[in-house]
Every structure is written in structure tokens, then in C-alpha cells.
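# Notes for the structure review
Residue-level listing of the chains:
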Amino acid sequence: MADFILAKPVWDSYLLRERINPVMCTKTLLQTTAFCAALILTAVLFSGCETTDSSAPPSGASPAAPGAAAPSHFSQEYHADNGRNISIGRATADNGGWRFKEPHLDKCWIADGFNFTGYDAIYIAPTVSTAKIHDDETATQELAKENLVIELKRSLSAKGFFPKVVTEESAIPANGRVLRLENTIVAYTKGGGAARFWVGLYGGGQPMVRVHGILTDAGKTVFEFEGTRSGVSAAARMDGAVMKDEDIQLGDIQSLVLDLTDFMAAIAGKYTPRS
């Protein structure tokens, strides 16, 4: 065992040679220990919890035989117009439409024959919430609700497959074909910098938002999704202790909106399928 023990002068020399701060080494060790403890606690708390059934029928959908192969016009991989590679996952027939194993969304379903095109406008309704939150999370959740609408309008307008993107009912074109997007925050936490200092690298203390959205055409559900984000940026993981909860949360919302609107653009034919 003695062969594996470094004498203090040797250890000090190693730290100096590798330019390693011993204080940071101590912090990293403490972070790792805290992370392991958090994993054990999480396993104990959630081992008996019921999971959400991601195969539940979408709201308002009519039943259909599951398991059919996806139409040939559905590719799993696409090239975005800015050169990014986009994956939307494999599609299988389910409940009168197509359920995608979208790698960036918890749930993703579209009605058969629907492709987001042929409409005069899309109306993004104000975000609502059914999440149970603490009193000190009210303000940041309200900001999340507002930012979701703002980012959706910005992204959808930039992608250009809807002639009009509106957030006020008074701006909806009269006698036009209009889609209505209603989003609900179903789970939310604002996070905390103190926890991020110790275990932020592993996801501890990060804000979390889960959004369930339903897109309807004259009251009929044509698209349904659910997505979760929690401190997904590198900055949130590495420097989260000195970042505001709101700034990390905004990055999470932007990440969710990007993946959501990428899926919509791929189905709408705005992106090129990868061979």
C-alpha cells in the first residue's frame, strides 16, 4: 500500500508542475463526495415513484392502430439552414398520428397528414402553469412564462414558415387559417447558487422547467409535445454559482425553443433530409 502513497514534497512538486491549485483540488473532492451522496439520496427518494407514461394518447386525438412504419417523407436526420445537423428521431404510428422518439423532447406527437404548413398565422397564447412552487419562485416562474412566449415568437418568426406569428388574440387574422399554441409549465424550480457551487457541475442547484404544449387547428389537436430543461449550458454547469437563476433559466428556455422549432421546421420541409 505504501507504494501508492505520495510523500508530501512529491505531491507538492506535482501540484506545482501541473499548475494545480490545492484549494481547487479540495473543492473538487468535496464536490465529488457531495455528488455521490446526492445520487444515493435520489435513488432512495425516487425508487418507488411512478413514472409518467410517455405513450399516453394526446389530447383530443382519435385512436389508430400503433406500430406502422413512418412515411418515407420522415427522415430521422436533417441539415438546418445554418449548417447544423438536426435529429428528430424515429416515428411510429400512434393514436391517429405519429409519435417521434425525439431525442430533445420528452413527448412529441403530430396528427397524420399535418406538417405545420398552409396556415395564415400561429397564435401563441400566454403561458399558464400548474406547477407547485414555493413563494420565492413566483417571480422567476412569471419571468419564465413571459420568456417562453417571447422566444417562441422570435424563433418561429425567424424560421419563416408561418406568415404571421402573433401573441395577442386581437392580432389574429380574420377569416384566416390559424393554429393556436397553448403551453403549460407543469414542473418548475428556480434553483440556487449555493447548491450550484458544490454540485452544479452534476446538475445540482440548477433551475428546472418542464413545458407541455398543445397545438390546435379549430379545436382539434394536431401537435403535442413536452420538454424539460435544467441548466443545460456549459456556463450553467461550470460557472453556475456566480450566475443568476434567471439567466440560466433563460438559456434553458432558449434551448427548448430551438429544439422544438427545429422539429417543426424539419416536418414543414424547411430543412434538408440527410442521406
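Refer to the structure printed above.
Residues numbered from 1 in each chain as written. Predicted model: local features only at pLDDT ≥ 70, side-chain atom pairs only at ≥ 80, totals over all residues. Heavy atoms only, no water.

Within the secondary structure, Ile-172 sits in the loop between β8 (165-166) and β9 (178-189). When the C-alpha positions of Ile-172 and Ile-122 are compared, they lie 8.1 Å apart, and in sequence the two are 50 residues distant. Filtering out sequence-adjacent residues up to four positions away, Ile-172 remains in contact with Tyr-123, Val-166 and Val-178. (Helix = DSSP H or I, 4+ residues; strand = E, 2+ residues; numbered from the N terminus. Contact = heavy atoms within 4.5 Å.)

Under the defined criterion, the tally for this structure stands at 10 aromatic pairs. Through successive ring pairs, a cluster of aromatic residues spans Phe-74, Trp-98, Phe-100, Phe-114, Phe-116, Tyr-119, Phe-223, Phe-225 and Phe-263. In this arrangement the basic side chain of Arg-177 is found over the ring face of Tyr-119, its NZ or CZ atom lying 4.3 Å from the centre. (Phe/Tyr/Trp six-rings, centres within 6.5 Å; stacked < 30°, edge-to-face > 60°. Lys NZ or Arg CZ within 6 Å of the ring centre and 35° of its normal.)

Another point: the nonpolar core. Within the largest apolar cluster, 49 residues are counted, with the highest numbers of intra-cluster contacts made by Phe-100, Phe-116 and Phe-223. Element by element, the count of residues in this core is highest for helix α6 (residues 245-267), at 9 residues. Among the nonpolar cores identified, the runner-up in size contains 5 residues, and Ala-121, Tyr-123, Val-166 and Val-178 belong to it. (Core = buried A, V, L, I, M, F, W, Y, C linked by side-chain atoms within 4.5 Å. Buried < 20%, exposed > 50% of the residue type's maximum accessible area, 1.4 Å probe, protein only.)

By the secondary structure assignment, Thr-184 is in strand β9. Residues contacting Thr-184, with those up to four places away along its chain left out, are Val-128, Ser-129, Thr-130, Arg-210, Val-211 and His-212.

Before going further, it helps to examine the pattern of salt bridges. For the coordinates displayed, the defined rule picks out 11 salt bridges. Its salt-bridge partner being Glu-151, residue Arg-154 comes within 2.6 Å of it at the nearest N-O pair. Of this pair, Arg-154 and Glu-151 both sit in helix α3 (residues 138-159), separated by 3 residues, roughly a single helical turn. Several salt bridges converge on common partners, so that one network encompasses Arg-84, Lys-159 and Asp-262. (Salt bridge = Lys/Arg side-chain N within 4 Å of Asp/Glu carboxyl O.)

Closest axis-to-axis distance for the α3/α6 pair is 9 Å, and the angle between their directions is 35°. Relative to α6, the crossing made by α3 is right-handed. Packed against α3, whose contacting residues are Thr-140, Leu-143, Ala-144, Asn-147, Leu-148, Glu-151, Leu-152, Ser-155, Leu-156 and Lys-159, the element α6 presents Glu-246, Gln-249, Leu-250, Ile-253, Gln-254, Val-257, Leu-258, Leu-260, Thr-261, Asp-262, Met-264 and Ala-265 at the interface. Considering only residue class, the contact of α3 with α6 consists of 12 nonpolar, 6 polar and 4 charged. (Axes fitted to C-alpha atoms, helices over the stretch in contact; angles between N-to-C directions. Left-handed = near helix turned anticlockwise from the far one by under 90°. Nonpolar A, V, L, I, M, F, W, Y, C, P; charged D, E, K, R; others polar.)

Turning our eyes to something else, we now look at the environment of Ser-233. Within the secondary structure, Ser-233 sits in the loop between β11 (220-229) and α5 (234-239). The exposure class of Ser-233 is partly exposed, given its relative accessible area of 32%. The spacing of Ser-233 and Ser-255 is 22 residues in sequence and 8.6 Å in space, taken between C-alpha atoms.

Right, let's get into the pairing of strand β4 (residues 97-100). One ladder, built from 4 bridges, connects strand β3 (residues 91-94) with β4; its direction is antiparallel. Residue pairing in the sheet places Thr-92 in a bridge with Arg-99 of β4. Two successive antiparallel strands, β3 and β4, enclose a turn made up of 2 residues, where Asn-95 displays a positive phi of approximately 55°. Pairing between β4 and strand β5 (residues 107-111): 3 bridges, direction antiparallel. For Gly-97, the partnering residue across the bridge sits in β5 and is Ala-111. From the end of β4 to the start of β5, which pair antiparallel, there are 6 residues. (Pairing = 2+ DSSP bridges.)

Glancing now at the sheet that holds strand β12 (residues 272-273). Strand order across the open sheet formed by 3 strands is β2-β1-β12, with antiparallel pairing between neighbours. What marks the edges here is a single partner per strand, and that holds for β2 (85-87) and β12. Here strand β1 (residues 77-79) runs beside β2; their pairing, made up of 3 bridges, is antiparallel. Each residue of the ladder has a partner; that of Glu-77, found in β2, is Ser-87.

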